[in-house]
Every structure is written in structure tokens, then in C-alpha cells.
Amino acid sequence: MKPAQYDFSNKTLLLTGAAGTIGRAVARRFFASGAHCVLTDLDQDALEAFAKELDPHKERVLAVPCDATRSAEVDALLATAHKRFGPLHALVTAAGLYRDALVADMTDEEW
């Protein structure tokens, strides 16, 4: 991997679909750039294994299984992430399907 081009030190990324191929690549790039990484996925075993690979001591990584289609789980995830790292600075959604609608206009079911 090339050296990091951006400095995300003391910034926090929330990444859905973190156990997938694209999610892992995104997490590695942000982590290499200094970010704290809040990783989510439905596959808890794969998520935990990747989090341990990325940061064996989990000092800058928080892995939380979460179904992004369930607003109560997302609310709990956000509270846990904020308690651990403070405010979020970046969101990458690498999970699920994209619906052609503005996020602000989507219902929970569409999301």
C-alpha cells in the first residue's frame, strides 16, 4: 500500500460492510491515515477477525456487529462509537444496496 496521502489523525470513520472486500480496503486506507475506525458488518466472526488484523490491541478500532437496516441497532452503534472516540468525521457505507433517493428523504424501510 502506498503511504497515506491524507492525515486523519484523531478523526473517526464509521464504516458499514467492513468485513467485505471493499470495506476492508477502505478501513485499511483510513487506518493507515491515522483514523479511529468504527467497523460494522453483519458477519460478526469476519468483522472481529478483520478488526484484530487491522489493530491487534484495538486501540484505534471498534468492531460492532450491526444491521444498518435496523434504526435501533444504528442508534446503539452511534452511542457506543461516540462514547469511545467522540464525534464521527467520516461515513462510508460499503454494505447493502443503494436506492436512488436522497438519504434525508428515505424511510427506515428504504434505508
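Residues numbered from 1 in each chain as written. Predicted model: local features only at pLDDT ≥ 70, side-chain atom pairs only at ≥ 80, totals over all residues. Heavy atoms only, no water.

Caption draft 1: Geometry of the nonpolar core. Core analysis: the biggest nonpolar cluster contains 15 residues, and L15, A27, C37, L39, L54 and V61 have the highest contact counts within it. Secondary-structure elements contributing two or more residues to this core are β1 (12-16), α1 (21-32), β2 (36-41), α2 (44-54) and β3 (61-65). The biggest single contributor to this core is α2, with four residues. With residues near it in sequence (within four places) discarded, A27 still touches L15, C37, L39, F50 and L54. By size, the runner-up hydrophobic cluster in this structure holds eight residues, among which are V38, C66, A81 and F85. (Core = buried A, V, L, I, M, F, W, Y, C linked by side-chain atoms within 4.5 Å. Buried < 20%, exposed > 50% of the residue type's maximum accessible area, 1.4 Å probe, protein only. Helix = DSSP H or I, 4+ residues; strand = E, 2+ residues; numbered from the N terminus. Contact = heavy atoms within 4.5 Å.)

Caption draft 2: Representation of the pattern of salt bridges. By the definition in use, this model includes four salt bridges. In this structure, E53 and R24 form a salt bridge, with 4.0 Å as the shortest nitrogen-oxygen distance. Taken together, the residues E53 in helix α2 and R24 in helix α1 connect sequence positions 29 residues apart. R70 is the salt-bridge partner of D67, the closest N and O atoms lying 3.4 Å from each other. According to the relative accessible area criterion, D67 is buried, its value standing at 16%. What emerges from the salt-bridge pattern is a single network uniting R24, R28 and E53. (Salt bridge = Lys/Arg side-chain N within 4 Å of Asp/Glu carboxyl O.)

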